[in-house]
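Survey of secondary and tertiary structure
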Amino acid sequence: MAGDKLGEIKMQELRQKLNALNEKYILISLFLLALLMRVLTLYADISVGGIGYGGDVIRFSAWADEIKIKGVGYFSENSDKPYYWGYPLILYLCRTIFHSDISALVVNIIATSVAAVLIYRTAVMATDSRCIGLLTGVLYAYSPQLINWNSALTSDSLGIFFVILCFYLYYRQKTEDGGKKKLLIVLLIISELIFFLVRTTAVIAILYITFGLLKQLDKKRRIIALSIICFLGICVLAFLFLSSHGEHGLAERAEYYISLFESGTIVYETETFVYPVHESFIGNWRFIFDIIGIVICRFVFFWAVSFDYYTIVDNIMGYGMLLPVFITSFIGIGLAVKNKHKRLIFMAGFILMTNIVQSFFEIDGGYRYRLPVLPFVLIFSSYCIYCLIKLYYEKKGRYIDENKITA
């Protein structure tokens with residue numbers, strides 16, 4: 001009894017300290033925690049293997065060199081692929097100003113550390129719970145899958161920052177009225193544009209958030225806005241297809257994705273599983289059944305936590321850390337649907353849309369194509385934990401308030 005009473009007194013003290021804690025101290029703490037984890041990881045990676053210059057890094061580095069030589073001419077020559085303008089320009093500016101590729105990695109670290117603050121605020125706005133926001137922020141700061149790409153000269157880390165920023169601005173504008181709401185929408189549109197110039201996968205988030213914005217309009221304005229967006233979208237796609245040239249043009253990318261179906265590729269650059277495509281079916285209507293099979297397999301493998309080429313450490317991270325997060329997040333999505341939590345259901349829709357769209361294009365064993373949804377998966381994992389704690393105390397017949405759960 002004495003021990004229980006002492007524990008309750010300590011919990012009350014902790015709750016009082018949490019209540020007295022100013023919001024800005026939480027934000028600063030999350031930023032510094034995320035920054036510390038990323039700096040230590042970057043230092044370890046560079047100390048062991050230096051900066052990696054393989055894969056997409058080679059292309060981004062070459063494009064940054066082209067900007068240095070051609071200047072504005074680079075953008076006119078590559079007008080058919082504006083989605084590859086952003087990161088080469090950032091890399092070029094870092095090399096020009098700081099004369100080092102390390103500076104680009106510092107940009108990655110700062111951006112993803114700021115994102116820890118944004119994902120906390122997004123979770124709070126989506127759930128009305130500072131407890132869920134705090135847990136999400138801590139999970140984000142420690143998540144290895146969201147840290148790994150900071151050490152690479154690619155746009156993946158900035159993609160994480162911008163997708164969180166866009167959803168933060170979306171939820172924020174829903175809480176405002178008048179001029180401030182309009183300003184936030186303008187900032188959201190600008191962020192989406194920059195996001196598109198940095199990452200091709202930004203299209204999924206941009207379309208989904210735009211759908212959310214359209215839902216806020218009355219029927220007449222919604223039809224007008226949708227008509228304008230569709231017209232502009234068709235014009236942009238037509239231009240990109242007609243002017244497409246080179247390996248990364250839109251037409252060439254379409255051919256590449258078709259070839260992945262023809263080869264039965266499930267997970268890009270792995271031999272984990274290859275779908276047995278019937279060669280005689282390729283080019284006729286029966287090939288549709290192979291396509292459906294491949295899409296279903298990719299839909300499932302999107303959530304894989306381990307592949308055959310993974311190291312022991314990778315497998316420990318996958319099964320020990322990522323699998324529990326996925327399981328609790330799926331439960332969290334189910335609870336959000338059951339509780340008819342509209343703001344969380346909207347977020348779950350983005351996760352589902354990304355899963356489906358990537359299943360029709362490609363997925364990889366490095367988590368790159370599911371990086372945009374991982375921060376929001378953490379929100380649902382936190383929501384699940386929060387609901388389970390409340391349920392536990394309810395089963396015990398004890399009331400527990402928000403601050404006690406947070407503590």
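Everything discussed here concerns the structure shown above.
Now for a look at the structure at hand.

Analysis parameters
- Residues numbered from 1 in each chain as written.
- Predicted model: local features only at pLDDT ≥ 70, side-chain atom pairs only at ≥ 80, totals over all residues.
- Heavy atoms only, no water.
- Helix = DSSP H or I, 4+ residues; strand = E, 2+ residues; numbered from the N terminus.
- Buried < 20%, exposed > 50% of the residue type's maximum accessible area, 1.4 Å probe, protein only.
- Contact = heavy atoms within 4.5 Å.
- Phe/Tyr/Trp six-rings, centres within 6.5 Å; stacked < 30°, edge-to-face > 60°.
- Lys NZ or Arg CZ within 6 Å of the ring centre and 35° of its normal.
- Salt bridge = Lys/Arg side-chain N within 4 Å of Asp/Glu carboxyl O.
- Expected span 1.5 Å × (residues − 1).
- Patch = residues over 30% accessible without salt bridge, like charges linked within 9 Å, V, L, I, M, F, W, Y side chains within 5 Å.
- Areas by Shrake-Rupley, 256 points an atom, 1.4 Å probe, with all protein chains shown as cover.
- Lys, Arg positive; Asp, Glu negative; His and termini not counted.
- Charge placed at Lys NZ, Arg CZ, Asp CG, Glu CD.
- Axes fitted to C-alpha atoms, helices over the stretch in contact; angles between N-to-C directions.
- Parallel < 35°, antiparallel > 145°, perpendicular 65-115°, else oblique.
- Left-handed = near helix turned anticlockwise from the far one by under 90°.
- Core = buried A, V, L, I, M, F, W, Y, C linked by side-chain atoms within 4.5 Å.

The subject of this paragraph is the environment of Val373. Inspection of the secondary structure assignment puts Val373 in the loop between α15 (342-360) and α16 (374-395). Judged by relative accessible area, which is 0%, Val373 ranks as buried. Here Val373 is in contact with Phe302, Trp303, Phe350, Ile351 and Thr354, once residues within four sequence places are set aside.

Turning next to the packing of aromatic side chains. Tallied over the full model, the rule gives 24 aromatic pairs. Ring geometry for Phe161 and Phe162: centres 5.1 Å apart, planes at 75°, overall edge-to-face. Among the residues examined, Phe161 registers a relative accessible area of 16% and is labelled buried. Classification of Phe162 as buried rests on a relative accessible area of 10%. By way of ring pairs, the aromatic residues Phe167, Tyr170, Tyr171, Tyr208, Phe211, Phe346, Phe350 and Phe376 are connected into one cluster. One cation-aromatic arrangement involves Arg298 over Phe261; the distance from NZ or CZ to the ring centre is 4.6 Å. Here the guanidinium or amino end of Arg368 rests over the ring plane of Trp149, the centre of that ring lying 5.3 Å away.

For the coordinates displayed, the defined rule picks out 12 salt bridges. A salt bridge links Glu23 to Arg121; its shortest N-O distance comes to 3.2 Å. Of this pair, Glu23 sits in helix α2 (residues 23-49) while Arg121 sits in helix α6 (residues 102-127), and the two are 98 residues apart along the sequence. On the basis of relative accessible area, Glu23 is assigned to the partly exposed category, the value being 24%. A salt bridge links Arg95 to Asp65, with the nearest nitrogen and oxygen atoms 3.1 Å apart. Of the two residues, Arg95 sits in helix α5 (residues 86-98) while Asp65 sits in helix α3 (residues 56-70), which places them 30 residues apart along the sequence. On the basis of relative accessible area, Asp65 is assigned to the partly exposed category, the value being 36%.

Attention now moves to α15. Across its 19 residues, α15 extends 27 Å between first and last C-alpha, which sits within 8% of the 27 Å expected from 1.5 Å per residue. Taken residue by residue, α15 has Leu344, Phe346, Met347, Ala348, Phe350, Ile351, Thr354, Asn355, Gln358 and Ser359 as its buried positions.

It is worth spelling out a positive patch on the surface at this point. A grouping of Lys174, Lys215, Lys219, Arg222 and Lys342 is seen on the molecular surface, where their side chains present a positively charged patch. Mapped onto the fold, Arg222 is located in helix α11 (residues 219-242). Overall, Arg222 belongs to the partly exposed group, its relative accessible area being 35%.

For the pair helix α13 (residues 287-301) and α15, interaxial distance at closest approach is 8 Å and the crossing angle is 135°. Considering their axes alone, α13 and α15 lie oblique with respect to each other. When the axes of α13 and α15 are compared, the crossing they make is right-handed. Contacts from Val295, Arg298 and Phe299 of α13 reach α15 at Leu352, Asn355, Ile356, Ser359 and Phe360.

What follows is about the nonpolar core. By size, the foremost hydrophobic cluster in this structure holds 99 residues, and its most contacted members are Tyr140, Phe167, Phe350 and Phe376. In terms of residue count, helix α8 (residues 156-173) provides more of this core than any other element does, 13 residues in total. Sequence-distant contacts of Phe376, defined by excluding residues within four places in its chain, comprise Ile119, Val163, Ile164, Phe167, Met347, Phe350 and Ile351.

For His99, which is not glycine, the phi torsion reads 55° and is therefore positive. If you trace the backbone, His99 turns up in the loop between α5 and α6. We note that Lys340 has phi near 55°; this positive angle belongs to a residue other than glycine. Owing to a relative accessible area of 69%, Lys340 belongs among the exposed residues under this scheme.

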